[in-house]
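For reference, the chains in residue letters:
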Amino acid sequence: MATASAEEKESFEEKNQEPVDDDAKSTDSFEKEASSLVDNMTTDSVGLQNKSTKVDWAHNNLMLSVKDERKRAEYDVQLLANRLAYLRSEEKAASKKVADTKLRARDIAQAKEKARKHDEMKNQWKQSLKAKEEANRECFRAQREERQNKLRGARNNMVLTRKEAASS
């Protein structure tokens, strides 16, 4: 079995060592490159066998690069799936925090409203108590004036009775 010459192998390896742009090179470009190498090959004593070996080697290299591209694509898909799952979990956590914050805000608003109503009732109670106290003071003042008037009247009557008794 004849092998490819060292120059041909070096030439093929140099071409494959160039940086590969996955988007620019497709499977067709690899096939064209492999077929051009086969066409440029010089035939030696076993020309057909040499071409066949060269084609098999190029084909294996092509298959390996396709396999590597597939693995890279699968890895990228897995990375994207992981990122998506992470973002979904973050979104879920954020929405839970938002819901908790809204609930807490509602609870605070209810507590403020309850405190406001309590203060309002307390103020009303104080006002009614103040009004009752004022009414009681007024009532006591009226009763005191009435008593004082009765006492003055009784004293005046006594003074008049004594004056009449003294003058008679």
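If you're wondering where the values come from, they're calculated on a predicted model, not measured in any experiment.

> Looking at this model, I keep getting lost on the overall build of the protein chain. Mind explaining?
Helix and strand counts for the protein chain come out as 3 helices and 0 strands. Secondary structure elements of the protein chain occur, N-terminal to C-terminal, as α-α-α. Buried positions account for 10% of the 168 residues belonging to the protein chain. Of the contacts formed within the protein chain by residues at least 6 apart in sequence, a portion of 67% connects residues at least 24 apart. In the form shown here, the protein chain has an accessible surface area of approximately 14,400 Å², with 54% of it arising from carbon and sulfur atoms.

> Teacher, can you tell me more about the pattern of salt bridges here?
Close approach of charged atoms allows side chains with opposite charge to pair. Counted under the stated rule, the structure contains 8 salt bridges. A salt bridge links glutamate 133 to arginine 137; its shortest N-O distance comes to 3.8 Å. Placement of both glutamate 133 and arginine 137 in helix H3 (residues 47-167) is noted, with a separation of 4 residues, approximately one turn of the helix. For glutamate 133, a relative accessible area of 37% translates into the label partly exposed. Given the relative accessible area of 45%, arginine 137 is considered partly exposed. One salt bridge connects glutamate 146 with lysine 150, and the closest N-O pair in it is separated by 3.8 Å. Placement of the pair is glutamate 146 and lysine 150 together in helix H3, with a separation of 4 residues, close to one helical turn.

Calculation criteria
Residues numbered from 1 in each chain as written. Predicted model: local features only at pLDDT ≥ 70, side-chain atom pairs only at ≥ 80, totals over all residues. Heavy atoms only, no water. Helix = DSSP H or I, 4+ residues; strand = E, 2+ residues; numbered from the N terminus. Buried < 20%, exposed > 50% of the residue type's maximum accessible area, 1.4 Å probe, protein only. Contact = heavy atoms within 4.5 Å. Areas by Shrake-Rupley, 256 points an atom, 1.4 Å probe, with all protein chains shown as cover. Salt bridge = Lys/Arg side-chain N within 4 Å of Asp/Glu carboxyl O.

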